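Given next are the chains, with one letter for each unit.
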Amino acid sequence: MPNWLLPENIADVLPSEARKLEELRRKLLDNFRLYGYELVMPPMLEYLESLLTGAGQDMNLRIFKLVDQLSGRTMGIRADMTTQVARIDAHLLNRASVTRLCYAGSVLQTRPSGLHATREPLQIGAEIYGHCGLEADAEIQELVLASLSLAGISQVRLDLCHVGVLRAIIANDVRAQKYEAELFSLLEAKDLPGLRDLTQDFEGVTRDALLALPTLYGDAATLERARRVLPDVAGIAKAMDELEFLVRSADGASVTIDLADLRGYHYHSGVMFAAYVPGLPNAVARGGRYDHVGEAFGRARPATGFSLDLRELARLIPVAERKSAIRAPWSAEPALKEKIADLRRMGEVVIQALPGHENDQDEFDCDRAIVFENGNWVLKN
Ligand SMILES: N[C@@H](Cc1c[nH]c[nH+]1)C(=O)O
């Protein structure tokens, strides 16, 4: 095997793609700051227990593990930054007020989420702690749309879902509760035959409601249909009210409902959403409420947020034009150095051709040059 071969679903980012990624990262983080989100940088790896706190079993399967030579304990490489940021809010900041945090960094996953998906997403996201009202979810929803619009993507569909619906359906059925994890995966896969099989011995109301969930998708009118079809219990009515609030607050954006789209790390506790764009089968961004993660870290804090993979997002936008640049000869002469420094201060890219490389091609489009004329260094087209 050639020694330059990388593992499956792991890739280098080459200059033109890296430029897109970095520009997007800066734009998004700058915009988060305009909304008051403070940047945090959690570590690449932690003890496994802290990475798993508050998260479901599927998180454990997605984390690469290794042994810490200093402590002998098992460490994990983060597969998702949301719970790390919740840990920071719960333990390190310890603020009682609303806290808005954002982050950008690589995460590593043992398995790709799709055939061509990377196992090293570049995750960027924003989270709000300390407000249990839906206003926080609405702000996050707005931030998702703003982020995608900064990437030049305007045709976005927000797909809303609510974990409370499934939880309310199985709340009074002990047998169904035992199979919660299986129910999640069958619903995510919209696997009706599998769902029929599993629910055979469930109580009639539970079974009917579970079988109805995969059919409850479509425009906002789906919520009325869901109210008619699903059992009339407090948990479901509350979830429907919350979803209706968010449909209203997303004014202008295209919103759909999909009560079975429960994909995620299973730490979500309320409203969840996924953003879809044309040409991509998987969601570009995901998020939602996860009020119990802080509690698992010892400090209950309402929480909601979103994250997306910058690599995936960058694939959707065209390659940025090659930036025009100025070519300069290589010389240590002070007058030339000063001229070059002046131009760079003005934001120009000035590339000094190293001796013997005057005609090399590179990523830049050198449309001007600094030349020596009549005793001066001048800029020429
Ligand atoms: N980190 C979650 C999305 C999320 C962020 N905040 C809340 N939920 C994911 O990647 O699926």
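What you see is a predicted model, and the numbers here were worked out from it, not measured in a lab.

**Describing a nonpolar patch on the surface**
Step number 1: Side chains of Met1, Trp4 and Leu5 sit close together on the surface and give an oily, nonpolar patch of about 470 Å² of accessible area.
Step number 2: Mapped onto the secondary structure, Trp4 falls in the segment before helix H1 (15-34).
Step number 3: The exposure class of Trp4 is exposed, given its relative accessible area of 64%.

**Re the pattern of salt bridges**
Step number 1: Evaluation of the coordinates by the stated rule reveals 26 salt bridges.
Step number 2: Glu244 is paired through a salt bridge with Arg227; the nearest N and O atoms lie 2.9 Å apart. Here Arg227 lies in helix H11 (residues 222-229) and Glu244 lies in helix H12 (residues 234-249), a separation of 17 residues in the sequence.
Step number 3: Arg227 gets classed as partly exposed once you look at its relative accessible area, which sits at 35%.
Step number 4: As a salt-bridge pair, Asp261 and Arg286 come within 3.7 Å of each other at their nearest N and O atoms.

**Some points on unusual backbone geometry**
Step number 1: Of note, the phi angle at Asn9 is positive, near 60 degrees, even though the residue is not glycine.
Step number 2: In this fold, Asn9 is placed in the segment before H1.
Step number 3: For Asn94, which is not glycine, the phi torsion reads 55 degrees and is therefore positive.
Step number 4: Mapping Asn94 onto the fold places it in the loop between helix H4 (82-93) and strand E5 (99-106).

**Description of the UniProt feature "binding site: L-histidine" (unreviewed entry) in the protein**
Step number 1: The sites that UniProt annotates as "binding site: L-histidine" (unreviewed entry) are Asp80, Met81, Thr82, Gln123, Glu127 and Arg263.
Step number 2: Here Asp80 falls in the buried class, since its relative accessible area comes to 2%.
Step number 3: Polar contacts involving the side chain of Asp80 include one to the side chain of Gln123, which spans 2.8 Å.
Step number 4: Its place among the elements puts Gln123 in strand E6 (residues 122-129).
Step number 5: Setting aside residues no more than four positions away along its own chain, Gln123 makes contact with Asp80, Met81, Thr82, Tyr103, Ala104, Gly105, Val107, Ser307 and Leu308.
Step number 6: Within polar-contact distance, the side chain of Gln123 engages the backbone nitrogen of Met81 at 2.7 Å.

**Considerations on helix H10 (residues 204-212)**
Counting along an α-helix, one turn takes 3.6 residues, and residues three or four places apart therefore face a common direction.
Step number 1: Three or more residues of H10 are buried, namely Thr206, Ala209, Leu210, Leu211 and Ala212.
Step number 2: On its buried side, H10 packs onto helix H6 (163-170), helix H7 (174-178), helix H8 (180-188), helix H9 (192-198) and H11.

**So, the side chain of Arg78**
Step number 1: On the secondary structure map, Arg78 appears in the loop between strand E4 (74-77) and H4.
Step number 2: One buried charge, Arg78, has no salt-bridge partner; the nearest side chain with opposite charge is Glu46, at 7.1 Å.
Step number 3: For Arg78, the side chain forms a polar contact with the main-chain oxygen of Pro43, separated by 3.1 Å.
Step number 4: Within the structure, the side chain of Arg78 is placed 2.9 Å from the backbone oxygen of Ser106, a separation counted as a polar contact.
Step number 5: In contact with Arg78, not counting residues within four places along its chain, are Pro42, Pro43, Met44, Leu51, Gln84, Gly105, Ser106, Val107 and Leu108.

**Here's the deal with the packing of aromatic side chains**
Step number 1: This structure, assessed with the given rule, holds seven aromatic pairs.
Step number 2: With 4.8 Å between their ring centres and 55 degrees between their planes, Phe372 and Trp377 make a pair best called tilted.
Step number 3: Overall, the relative accessible area of 48% leaves Phe372 in the partly exposed class.
Step number 4: Site record: aromatic cluster; members linked through ring pairs are Tyr129, Tyr265, Tyr267 and Tyr290.
Step number 5: The aromatic ring of Tyr47 is capped on one face by Arg73, whose charged end is 3.7 Å from the ring centroid.

**Observations concerning the sheet that holds strand E13 (residues 324-328)**
Adjacent strands of a sheet pair through backbone hydrogen bonds, lying either parallel or antiparallel.
Step number 1: Ordered in space as E14-E13-E15-E16, the four strands form an open sheet in which the pairing is mixed. Either end of the sheet is taken by a strand with one partner, and the two such strands are strand E14 (350-352) and strand E16 (376-380). Neighbour-to-neighbour, the strand axes of this sheet turn through a mean angle of 30 degrees, independent of strand direction.
Step number 2: When E13 meets E14, the two strands line up parallel, connected through three bridges. Its bridge partner being in E14, Ile326 is matched across the sheet by Val350.

**Quick notes on the sheet that holds strand E2 (residues 45-47)**
Step number 1: In spatial order, the strands read E2-E4-E3; together these three strands make up an open sheet with antiparallel pairing. The outermost strands of the open sheet, each flanked by one partner alone, are E2 and strand E3 (64-67). Neighbouring strand axes in the sheet, compared pairwise and without regard to direction, differ in orientation by 35 degrees on average.
Step number 2: Summarising the sheet, E3 and E4 pair through four bridges and their orientation is antiparallel. Within the sheet, the bridge partner assigned to Leu66 lies in E4 and is Met75.

**Notes on the nonpolar core**
Step number 1: Among the nonpolar cores identified, the biggest contains 71 residues, and Phe32, Leu230 and Phe306 are the most heavily contacted of them.
Step number 2: With seven residues, the top contributor of residues to this core is helix H5 (residues 134-150).
Step number 3: Discounting chain neighbours no more than four positions away, the residues touching Leu230 are Val165, Ile169, Ala209, Ala212, Leu213, Leu216, Ile236, Met240 and Leu259.
Step number 4: In terms of nonpolar packing, the next biggest core, distinct from the first, is built from 22 residues, Val85, Ala86, Tyr129 and Ala303 among them.

The rules behind each value
- Residues numbered from 1 in each chain as written.
- Predicted model: local features only at pLDDT ≥ 70, side-chain atom pairs only at ≥ 80, totals over all residues.
- Heavy atoms only, no water.
- Patch = residues over 30% accessible without salt bridge, like charges linked within 9 Å, V, L, I, M, F, W, Y side chains within 5 Å.
- Areas by Shrake-Rupley, 256 points an atom, 1.4 Å probe, with all protein chains shown as cover.
- Salt bridge = Lys/Arg side-chain N within 4 Å of Asp/Glu carboxyl O.
- Helix = DSSP H or I, 4+ residues; strand = E, 2+ residues; numbered from the N terminus.
- Buried < 20%, exposed > 50% of the residue type's maximum accessible area, 1.4 Å probe, protein only.
- UniProt positions renumbered as here; feature names shortened; annotations may be inferred.
- Polar contact = N/O pair within 3.5 Å; in protein donor to acceptor, adjacent residues only side chain to side chain.
- Contact = heavy atoms within 4.5 Å.
- Lys, Arg positive; Asp, Glu negative; His and termini not counted.
- Phe/Tyr/Trp six-rings, centres within 6.5 Å; stacked < 30°, edge-to-face > 60°.
- Lys NZ or Arg CZ within 6 Å of the ring centre and 35° of its normal.
- Pairing = 2+ DSSP bridges.
- Axes fitted to C-alpha atoms, helices over the stretch in contact; angles between N-to-C directions.
- Core = buried A, V, L, I, M, F, W, Y, C linked by side-chain atoms within 4.5 Å.

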